[in-house]
Each structure stands twice: as structure tokens, then as C-alpha cells.
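# Report on the structure
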Amino acid sequence: MTSPTPIINIEHISKIYEMGDEKVYALRDVSLTISKGEYVALMGPSGSGKSTLMNMLGCLDTPTSGRYEFNGANVNELDDDELAEIRNREIGFVFQTFNLLPRATALSNVELPLVYSGMKADARHRRAAETLASVGLAERTGHKPNELSGGQRQRVAIARALVTQPSIILADEPTGNLDSKTGQEIMALFDELYRQGNTVILVTHEEDIARHARRIVRLRDGLIESDKSNGASA
Amino acid sequence: MIRSGEIIESFRIAIESVRVNLMRSILTTAGVVVGVVLVVLMGWTIKGLDAVWEQTISIIGKDMIYVDKWNWTGGGNWRLMEARKDITLAQVEQYIDRAEAPELCMPTVRSWGANVVVGNQSLRCSAMGVTYEYGMTPAGEIADGRFFNQIEDEQAADVVVIGHNIAKTLFPGGNALGKTLKIQQRPLRIVGVVEKRGFLFMDFIDNQVFVPLLTFRTLYGFQGRSFSIAIKAGNEAMLSVVRDEAVGLMREIRNVPPSRDDDFSINEMKAFDAQAANIRLYIWIVGIGLTVLSFIVGSIGIMNIMFVSVTERTKEIGVRKAIGAKRRSIAVQFLVESTLLCLTGALVAFPISQILVGSTQWLAVHVFDFEAASVVSPFIPLDLLGIAAAVAVVVGLAAGLVPALKAAMLNPVEALRFE
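Let us look at the structure shown here. (Residues numbered from 1 in each chain as written. Chains lettered and ligands numbered in written order. Predicted model: local features only at pLDDT ≥ 70, side-chain atom pairs only at ≥ 80, totals over all residues. Heavy atoms only, no water.)

### What about the sheet that holds strand 8 (residues 199-204) of chain A?
Residue and element names in this part refer to chain A. Read from one edge of the open sheet, 6 strands run 6-7-8-3-9-10, paired in mixed fashion. Lying at the two open borders of the sheet, with one neighbouring strand each, are strand 6 (91-94) and strand 10 (223-229). For this sheet, the mean angle separating the axes of adjacent strands, direction not counted, is 15°. Two strands pair when backbone bridges link them, and strand 3 (residues 39-43) and strand 9 (residues 215-220) are joined in this way by 4 bridges, in the parallel orientation. Paired with Leu42 across the bridge in strand 9 is Val217. (Pairing = 2+ DSSP bridges. Helix = DSSP H or I, 4+ residues; strand = E, 2+ residues; numbered from the N terminus. Axes fitted to C-alpha atoms, helices over the stretch in contact; angles between N-to-C directions.)

Here is the structure:
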């Protein structure tokens, strides 16, 4: 199933937080490769290091030691602004709490990454409107988040993640704030994105959600406990 | 490079943020409002003084030079000037004979402590002995009646021309012409009233009476008095020629050896500019002090509210960073917001300043009877608005800098975790 081109290649990375005199290992010598077109779930209980790993994969944070290559670029060597550029172009984030700008319309929210990438206003509007339509919100472009249901908000957030046509979509507990029916609809959307060839990484502690992925990576105490393909996937 | 899209986005966010917290924004900018009002008031006051001053010296005559024993503007050593020999009428006449450059020149003599009596009312003023030609200078321009003529001048007639304030005080009804007043017990017929000449700083000019030179001699005598020469250059371009000629001739007439300084002073209306400049400087110093103070207070307020804003929007900053905002973009966003806050303050300040300026001018003219203020515009000049707005922008940028940097340097992981 997996395509041979690796997008994410991490080798022996560790993340250490210093709490006073104590060193806390959030990740211990973790190595992982994710290729283009994969549908991966990162699982683990809280404190397992999955959030740290997700921040690392999303270029929000850098490892204390080890090597991280993203699309062939060495992330360790990048400064804050170069990381911001990678996040802008290559990574689409979907958060548990949606994290939309409350006073901006759905369209403006989806446009925002394109503002930071410097796209012209006309092209931006068009692209954002198309992307909103692709997640089924063509009629909701002028609505503000508080005028939308939870599921619609998460669709706006997904459209915002997709609008730059990133290399990976990184979703952190994307159904955590939704009822189960709406959650299933959102997961159906991720499945659809995967079928269209997108690389999707889910971070979750729910088995039901993880089951949608084709590969499940389980973490515990900062280590990868298991890394298996998921036969029962959608 | 900052992209135009980001700037527009920043303005959109900033306007939204100021609008949502409108009351808080206006209160926050109180210091800036006071600062802007002060800048505008100070600028307007200085411009007003300049206008009044310009009016004053143009009324009295920009092309007038006075050769006198004394330096009128208070420059030079007082004791040295006191030791100078008086300028005699003979010396003045020699100068008048020989001078070629001026359009007009004439002797004048003065008694500072004259007592003018009308009925049982008396008024202290200064009496000037002048020739009929004085009526051809701007200082002798007549509002009512006429200046005395050459015949009255030569015959030492008992006539007098009085200043604006004298007429106003002694003849409040305005019927001074043809009346008689007494100086040194001698009745003199009023033939003319001089136009109001005194403006700011020059009020004494309206508290003068003019009599023919020879009449002055019979009233006060010439003994022990130093004459001065009133010289009308004709135009401003001729001033330096006339001045140089006057210096040369007077040195010759008064036998000043080449090694010695002039033993007389050349007084020009322009010399008073230095005094006007001093007053302007004091206003600047006081005004700048107050302005800087209020802007410091104002920028502390802005900085404080910007820190609050950064904290309130930590999560938003995290989201923006996650989707690709660079540090620069975040910093610009908050700088635009603090600048917009200050501009809001300036916008609030402009109508306040206009009301203050307009009512000050109106009160000065209509209630305090300060006529000089009538040449001052009751409106704020546009360039002052521009300067005040520019200052507000600078204050906004300065006050927003530290909060903006704080926002820009936030760690995205921690910012996203913030609730």
C-alpha cells in the first residue's frame, strides 16, 4: 500500500524537558518514517509523548537530539521563520478545538494561510471558496464560526488545512469536541481525503478513530510501542 | 519583505479589535489624546503669535530705521550706552542734509513722562516732538482728522496729534477732533488721531501724543535731550544701503575715531524679531515638556493594553504561527493595532483641539477685547493635524514595539496550549 517516497523521516529523536533539576524525557530515541499517501494514526495515553511527537512532526517544535528530515530538508537546521514557511506550505493542521478566528468569516479563516504565503487577493478568494465547497460548505462562506455547528466548524478548519495543498494533514483529536455522529462524518471526510491521495496523520487516543487509518503507531512512555498496518481499515 | 496582504489583514484585525473594545480603546488613548491636543494648541499658539507679530511689524513699517543713543531691544552694555554723548538736533540736521539713500528722514525727540490733561482728567503718556513728515510714515498714519502740516510745524503751532489709546481713554465718545487738551499747562488743539498701531508687545505706541518739534521745545526744551532720527528706507531691499550710509555718516558727524565702536545704535523693527523668537522658544519649551510628559503617560497606557491584548490572544497567535505566520507578520499585526489605537486617540483629539482653539480665539477677541487675536485663524492649520497624526503614529509604534516583539517570540506549542 505505501508509496516509496518518504515525506517524514525521523531518526533517533529525543525530546527532553528540564523541570528544575529533573530531566523529563518526552520522547526517547524515536525513529519513524512516513511516506507519501499514507494514512497513519498516532495513538497513546496522555503522557505517552504523542503530543510531543505531533508537535515535532508538525514543525512546531524541534527535537533535543536526533535528526528530522521533512521532504528531504533537515528540519534541525531551520530557524523559526523557515519552520513557519514549511508549516505554511507543507503542513495542514486540524485541531481538536477547531481554533478558528472567531470574528472572521469561514472564507477569511480558510484564506488565512494563503495570506501568509503571499497569494494575491483574487486568487486567494477563489481558492478558499473552492476548498470550502470541496468540504461541503459552499453555502457557508460568509458565516462566522459562532453561526456554524461544531461539525461545520471542523469542516472549515479542514478546508483551512487543505487550502495550501500541503504534503501532510496533521489532525490532533479532530473529533474530540464533536458528538459521535458528527465525528463519523468528519472521519468520513478524512477517509475521502486519503483516497484522493493526501497524506493524513491522526493523533488520537480513541480506538474507533484510529481504526480509520491504514497504519497505527502506538506510543508509551516516550517510546514507540508498536507500529502495525491496520487490516481492518476503511 | 512584508506582503501587502498581511498588512491589509493586520488592519482588518486591528480595526476589529479596536471596534470590539471601543470603550477600552478610547480610555486607553486618553494620554495620547491629551498629547495630541497639546501639540495642536502649542503649534496654533505659536502660529498665532507669529501672525500677530508679523502684523505688528508690518504696521509699524518693516523699512523703518531709527538712529538713537539707545539700543531699543536691550542689547549692548547699558552703562556704555548711558555714557554716550546725546545726539543733538544739529547732528540730526547734518545727517538729513547729507543722506542720499533714504526716502524720508526726520528728527524726533521724546519725553516719556508727559502729563496730558483734559478737564479734570489727566493721563500719563509719552510726548514726541516730530516734524510734519512723520505723518508720512506708517507710525503716523491718521485714523481721524489729519497730521499737522508744514506751516504749523514751522510756526510751532499749538496743535497735537494723539494716539489711539489716548483718544479712547480721554474721549470715550470718539469726538476728540477739535477738542483741546493741556500739556505743561499749555492748551493744544487736537487735529488728528493716529490709527491703532500698537499690537502685541508694542502697546506704548498707542499711548503717545505728537506735537511739532518746535512746540515740543516750548513745552519741554531741548536741553539734555537726545534726539533720534527716524529713517524710512523706502523698501526692504534698501535697508542695508540706508543702514550702512547712516552708520558712516553718523560716525563722521560725531567724530568717532576708526578704532572705536559706534557711539549710537541703529534700531530696526527686525531687531524685535529676536524678542518674538524668545517668546516662541519659551512656548516650545513648556509645550514640548508637557507634550512629552503626556505622550509618555499615553504610551505607557497603550503599552499596557497591548500586553493585555497579546495575552488575551495568545491562542490566536499560536494558531497563526501554526498555519505559517512568521514572527514578522505577528509583530506587524500588533504594531498596526497599537498605531491604530494612537490614531484613534488623535481622531478624538482633533475635534477637542478645534473646539479649544476656536473658543480661545473667540473669547480673546470678543470677551477679553484682545484685538490682536483677530488676525489669528480660529481653525487648526492642516499641517498641524498632519504633524500631530505623525507623532501619534510614532508613539503607537514605540508603545507597541515591546508587546509586538513579545507576541512574535511566543513559542507556538505553548501558545496553542494556552486557554
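Continuing now.
### So, the interface of chain B and chain A
Facing 24 residues of chain B, the contacting portion of chain A comprises 24 residues. In total, chain B and chain A occlude about 2,300 Å² of area from one another, counting both sides; carbon and sulfur atoms represent 59% of this. With a closest N to O distance of 3.8 Å, Asp80 of chain A and Arg327 of chain B form a salt bridge. Viewed at the interface, chain A and chain B are joined by 5 residue pairs in polar contact (both at pLDDT 80 or more). If you tally residues by element for the side of chain B that touches chain A, the top one is helix 1 (residues 4-20) of chain B, at 7 residues. Within the side of chain B that touches chain A, the residues separate by chemical class into 8 nonpolar, 5 polar and 11 charged. (Contact = heavy atoms within 4.5 Å. Buried area = accessible area lost by both parts, 1.4 Å probe. Salt bridge = Lys/Arg side-chain N within 4 Å of Asp/Glu carboxyl O. Polar contact = N/O pair within 3.5 Å; in protein donor to acceptor, adjacent residues only side chain to side chain. Nonpolar A, V, L, I, M, F, W, Y, C, P; charged D, E, K, R; others polar.)

### Considering the pattern of salt bridges
All chains considered together, the criterion is met by 30 salt bridges over all chains. Two residues, Lys181 of chain A and Glu185 of chain A, come together in a salt bridge whose shortest N-O distance is 3.2 Å. Of this pair, Lys181 of chain A and Glu185 of chain A both sit in helix 6 (residues 180-195), 4 residues apart, which is roughly one turn of that helix. Using a relative accessible area of 33% as the deciding quantity, one classes Glu185 of chain A as partly exposed. Between Arg243 of chain B and Glu268 of chain B there is a salt bridge, with its nearest N and O atoms 2.6 Å apart. Here Arg243 of chain B is found in helix 9 (residues 239-253), whereas its partner Glu268 of chain B is found in strand 10 (residues 265-268), with 25 residues between them in sequence. (Buried < 20%, exposed > 50% of the residue type's maximum accessible area, 1.4 Å probe, protein only.)

### Considering the pairing of strand 7 (residues 168-172) of chain A
Residue and element names in this part refer to chain A. Most of strand 7 is tucked away, with 5 of its 5 residues classed as buried. The two faces of strand 7 match: Ile168, Leu170 and Asp172 on one face and Ile169 and Ala171 on the other face are all buried. In the sheet, strand 6 pairs with strand 7 via 4 bridges, with the strands oriented parallel. Along strand 7, the bridge assignment pairs Gly92 with Ile169. With 5 bridges joining them, strand 7 and strand 8 adopt parallel strand pairing. Residue pairing in the sheet places Ile169 in a bridge with Val200 of strand 8.

### Some remarks on a nonpolar patch on the surface
Residue and element names in this part refer to chain B. The grouping of Leu281, Tyr282, Trp284, Ile285, Ile288, Val292, Ile296 and Ile300 at the surface amounts to a nonpolar patch, some 790 Å² of accessible area in total. Following the sequence through the fold, Val292 ends up in helix 10 (residues 273-312). The exposure class assigned to Val292 is partly exposed, which follows from its relative accessible area of 43%. (Patch = residues over 30% accessible without salt bridge, like charges linked within 9 Å, V, L, I, M, F, W, Y side chains within 5 Å. Areas by Shrake-Rupley, 256 points an atom, 1.4 Å probe, with all protein chains shown as cover.)

### Overview of unusual backbone geometry
One non-glycine residue, Asn71 of chain A, lies in the positive phi region at around 50°. Mapping Asn71 of chain A onto the fold places it in the loop between strand 4 (65-70) and strand 5 (73-74). A positive phi angle, near 55°, is found at Ala156 of chain B, a position not held by glycine. Tracing the chain through its elements places Ala156 of chain B in the loop between helix 6 (150-154) and strand 5 (159-162).

### Quick notes on helix 4 (residues 121-134) of chain A
The terminal C-alpha atoms of helix 4 of chain A lie 20 Å apart, and with 14 residues this matches the ideal 20 Å at 1.5 Å per residue to within 8%. Buried within helix 4 of chain A are the following residues: Arg124, Ala128, Thr131 and Leu132 of chain A. Along the axis of helix 4 of chain A, the buried residues cluster in a sector spanning 100°; they form a single face. The exposed residues of helix 4 of chain A that point more than 90 degrees off its buried face are Asp122, Arg126 and Ser134 of chain A. Elements that come into contact with the buried residues of helix 4 of chain A comprise helix 3 (106-117) and helix 5 (150-162) of chain A together with helix 1 of chain B. At the C-terminal side of helix 4 of chain A, Gly136 of chain A shows a positive phi close to 85°. (Expected span 1.5 Å × (residues − 1). Arc of directions from axis to C-beta.)

### Some words on the environment of Phe418 of chain B
Checked against the element boundaries, Phe418 of chain B lands in the segment after helix 14 (412-417). Those residues within four positions of Phe418 of chain B in sequence are excluded, and the remaining contacts are Thr311, Thr314 and Lys315 of chain B.

### A few points about the packing of aromatic side chains
All names here are of chain B. Evaluated as defined, the whole model comprises 10 aromatic pairs over all chains. Taken together, a centroid distance of 5.1 Å and an interplanar angle of 40° make the contact between Phe216 and Tyr220 tilted. Taken together, the residues Phe216 and Tyr220, both in helix 8 (residues 213-220) and 4 residues apart, mark about one turn of the helix. Here the two residues Phe216 and Tyr220 agree in accessibility, since each one is buried. Summarising the aromatic geometry, the rings of Phe216 and Phe222 are spaced 6.5 Å apart at their centres and angled 25° between planes, so their arrangement reads as stacked. In this structure Phe222 comes out as buried when scored by relative accessible area, which is 15%. Linked through ring pairs, Tyr134, Phe147, Phe148 and Phe210 together constitute an aromatic cluster. Residue placement shows Arg110 over the ring face of Trp112; its charged tip is 4.4 Å from the ring centre. (Phe/Tyr/Trp six-rings, centres within 6.5 Å; stacked < 30°, edge-to-face > 60°. Lys NZ or Arg CZ within 6 Å of the ring centre and 35° of its normal.)

### Remarks on the packing of helix 5 (residues 89-98) of chain B against helix 9 of chain B
All names here are of chain B. Close contact between helix 5 and helix 9 brings their axes to 10 Å; oriented N to C, the two are set at 130°. Relative to helix 9, helix 5 is oriented oblique. Crossing angle aside, the handedness with which helix 5 passes helix 9 is right-handed. Every residue of helix 9 that contacts helix 5 at Gln91, Gln94, Tyr95 and Arg98 is listed here: Glu245, Ala246, Leu249, Met250, Glu252 and Ile253. Broken down by class, the residue content of the contact of helix 5 with helix 9 amounts to 5 nonpolar, 2 polar and 3 charged. (Parallel < 35°, antiparallel > 145°, perpendicular 65-115°, else oblique. Left-handed = near helix turned anticlockwise from the far one by under 90°.)

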